[in-house]
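# Topology and contacts: notes
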Amino acid sequence: EAKDKGKNNYRFFDYILTERMAKRVELERSMRTALENDEFALYYQPLVEAQTGVVVGAEALIRWFRPGQGMVSPAEFIPIAEETGLIVDIGDWVIRTACQHQQAWRGSGLAPIHLSVNLSTRQFQEPNFLDRVRRVVEETGVDLHGIGFEITESLIMQDVDYAIKMLNELRNMGSIISIDDFGTGYSSLAYLKKFPIDKLKVDRTFVRDITTRAEDAAITKTIITLAKSLDLKVVAEGVETIEQIEKLRELQCDEFQGFYFSKPVPVLEFTKMLTPLPKLS
Ligand code: C2E
Ligand code: MG
Ligand code: MG
Ligand code: MG
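What counts as what
- Residues numbered from 1 in each chain as written.
- Chains lettered and ligands numbered in written order.
- Predicted model: local features only at pLDDT ≥ 70, side-chain atom pairs only at ≥ 80, totals over all residues.
- Heavy atoms only, no water.
- Helix = DSSP H or I, 4+ residues; strand = E, 2+ residues; numbered from the N terminus.
- Buried < 20%, exposed > 50% of the residue type's maximum accessible area, 1.4 Å probe, protein only.
- Areas by Shrake-Rupley, 256 points an atom, 1.4 Å probe, with all protein chains shown as cover.
- Lys, Arg positive; Asp, Glu negative; His and termini not counted.
- Charge placed at Lys NZ, Arg CZ, Asp CG, Glu CD.
- Donors = N, O, S within 2.8 Å, 3.2 Å for Na, K, Ca; no water.
- Near = heavy atom within 4 Å.
- Polar contact = N/O pair within 3.5 Å; in protein donor to acceptor, adjacent residues only side chain to side chain.
- Patch = residues over 30% accessible without salt bridge, like charges linked within 9 Å, V, L, I, M, F, W, Y side chains within 5 Å.
- Salt bridge = Lys/Arg side-chain N within 4 Å of Asp/Glu carboxyl O.
- 1 Å grid on protein atoms, 1.4 Å probe; cavity = no way out; pocket = protein on both sides within 12 Å on 5 of 7 lines; lining within 4 Å.
- Points joined across faces, edges and corners; volume = space filled by probe spheres on them.
- Nonpolar A, V, L, I, M, F, W, Y, C, P; charged D, E, K, R; others polar.
- Contact = heavy atoms within 4.5 Å.

Per an unreviewed UniProt entry, the chain goes by PAS domain S-box protein and derives from Tumebacillus amylolyticus.

It is worth spelling out the overall build of the chain at this point. Along its length, the chain carries 11 helices and 10 strands. Considering only C-alpha atoms, the chain reaches an extent of 85 × 50 × 40 Å along its principal axes. A burial count over the chain gives 45% of its 281 residues as buried. Put simply, the chain shows about 15,400 Å² of open surface, and 52% of that area lies on carbon and sulfur atoms. Distance from the positive charge centre (34 side chains) to the negative charge centre (42 side chains) of the chain: 2 Å.

Before going further, it helps to examine the coordination of the magnesium ion (ligand 3). The protein atoms that coordinate the magnesium ion (ligand 3) are Asp180 (OD), Asp181 (OD) and Glu237 (OE), at distances spanning 1.8 to 2.5 Å. Positions of the donor residues of the magnesium ion (ligand 3) along the chain correspond to the pattern D-D-x55-E. Overall, the relative accessible area of 10% leaves Glu237 in the buried class.

Taken together, the protein ligands of the magnesium ion (ligand 2) are Glu59 (OE), Asn118 (OD1), Glu150 (OE) and Asp180 (OD), with distances of 2.0 to 2.2 Å. Expressed as a motif, the donor residue spacing for the magnesium ion (ligand 2) is E-x58-N-x31-E-x29-D.

Here the focus is the site of ligand 1. Around ligand 1, a shell composed of 21 residues is seen, among which Arg63, Asp180, Arg204, Glu240 and Phe259 lie nearest. Take Asp181: an N or O atom from its side chain is 3.1 Å from an oxygen atom of ligand 1. Measuring from a nitrogen atom of ligand 1, one finds a side-chain N or O atom of Glu240 at 2.5 Å. Coverage of ligand 1 by the protein chains reaches 81% of its 800 Å² of free accessible surface.

We now examine a nonpolar patch on the surface. Taken together, the side chains of Phe12, Phe13, Tyr15 and Ile16 make up a nonpolar region of the molecular surface, amounting to roughly 440 Å² of accessible area. Inspection of the secondary structure assignment puts Ile16 in helix α1 (residues 2-34). The class for Ile16 is partly exposed, based on a relative accessible area of 31%.

In this section: the layout of surface pockets. Roughly 1,100 Å³ of internal volume is contained in the largest pocket. Forming the boundary of the largest pocket are 39 residues, of which Glu59, Leu61, Pro74, Asn118 and Asp180 lie nearest the centre. Broken down by secondary-structure element, the contributors of at least two residues to the lining of the largest pocket are β2 (55-66), α2 (74-84), α3 (87-105), β4 (114-118), α4 (121-125), β5 (147-151), α6 (153-158) and β6 (177-182). Residues of the lining of the largest pocket, tallied by class, amount to 17 nonpolar, 12 polar and 10 charged. Space inside the second largest pocket adds up to approximately 270 Å³. Around the second largest pocket, the lining residues are Glu19, Arg20, Lys23, Arg24, Glu26, Leu27, Arg66, Gln69, Val72 and Glu76. Among the elements that take part in the lining of the second largest pocket, α1 stands out by supplying 6 residues, more than any other.

What follows is about the environment of Gln252. Within the secondary structure, Gln252 is located in the loop between α10 (242-250) and β9 (255-256). Between the C-alpha atoms of Gln252 and Val202, which are 50 residues apart in sequence, the distance is 13 Å. In this structure, Gln252 is in contact with Ile224 and Lys228, ignoring residues within four places of it in sequence.

Following this line, the structure appears as structure tokens:
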């Protein structure tokens, strides 16, 4: 009797595991053809200047529209793309697409904005990563002062010396570097001043409870104070309410990003949020 139960349990877990693996294998297989089938799209979420409310930039966020399955979240497929190495080609596509959009906006009569692109560890560690970036710059003619990169603390900590060297190269080419999800990783604060970076993005888990939890308000305040003393800009991620905005303004946060202003939207929709340059009379 008990033995039978054990057997059933085993069958149950075996079934779940097999299902899960089959799903993953299928996801991996369809991701291999997604680029050639043009199934990816780049969405944009505005970054808003805290003092003026003006849209000064956007973060590029990839979306995958899988035929017959709807949208797959990057949180689901980016880790698998990392493991399989597909992220290198997907990452190239993201950078190229963002550069093409940036070029299209230039000379279209819109006030200039800054775009930031997420980099994954595997993509960054690819030995010819910089050459890939240079090729995209040549192909699109983009000025990298208009394109920045978002990296995580863990990406830097993989190999600190390599990261510093690479980030310096990217900055020499004009890009600004942001640390994404700041506060969730393990990099020591003392380390920060050694890194060639320009911006900190305060993780949304701190921003979420900034008005209700004194600890989170204190952490955010500390991060902002530290950033200022190191001459870094601070962005708050995941801003959803006016109360958070008021608190963050009080803390001297530079820029906001979050659903309060807009969720990530397709490029055409984002373009409508941009302001025309004033007409010369
Ligand atoms: P991330 O870089 O930290 O991007 C911010 C995420 O927070 C986005 O999720 C965005 O939709 C979400 N978000 C923005 N505002 C709010 C808010 O007010 N409330 C809440 N609850 N969420 C908000 P998304 O687009 O699903 O992306 C998830 C993660 O996937 C990104 O986190 C990034 O790590 C990764 N990712 C997205 N696109 C790319 C890409 O092109 N390349 C790479 N390597 N990773 C990417
Ligand atoms: Mg990001
Ligand atoms: Mg983030
Ligand atoms: Mg995040």
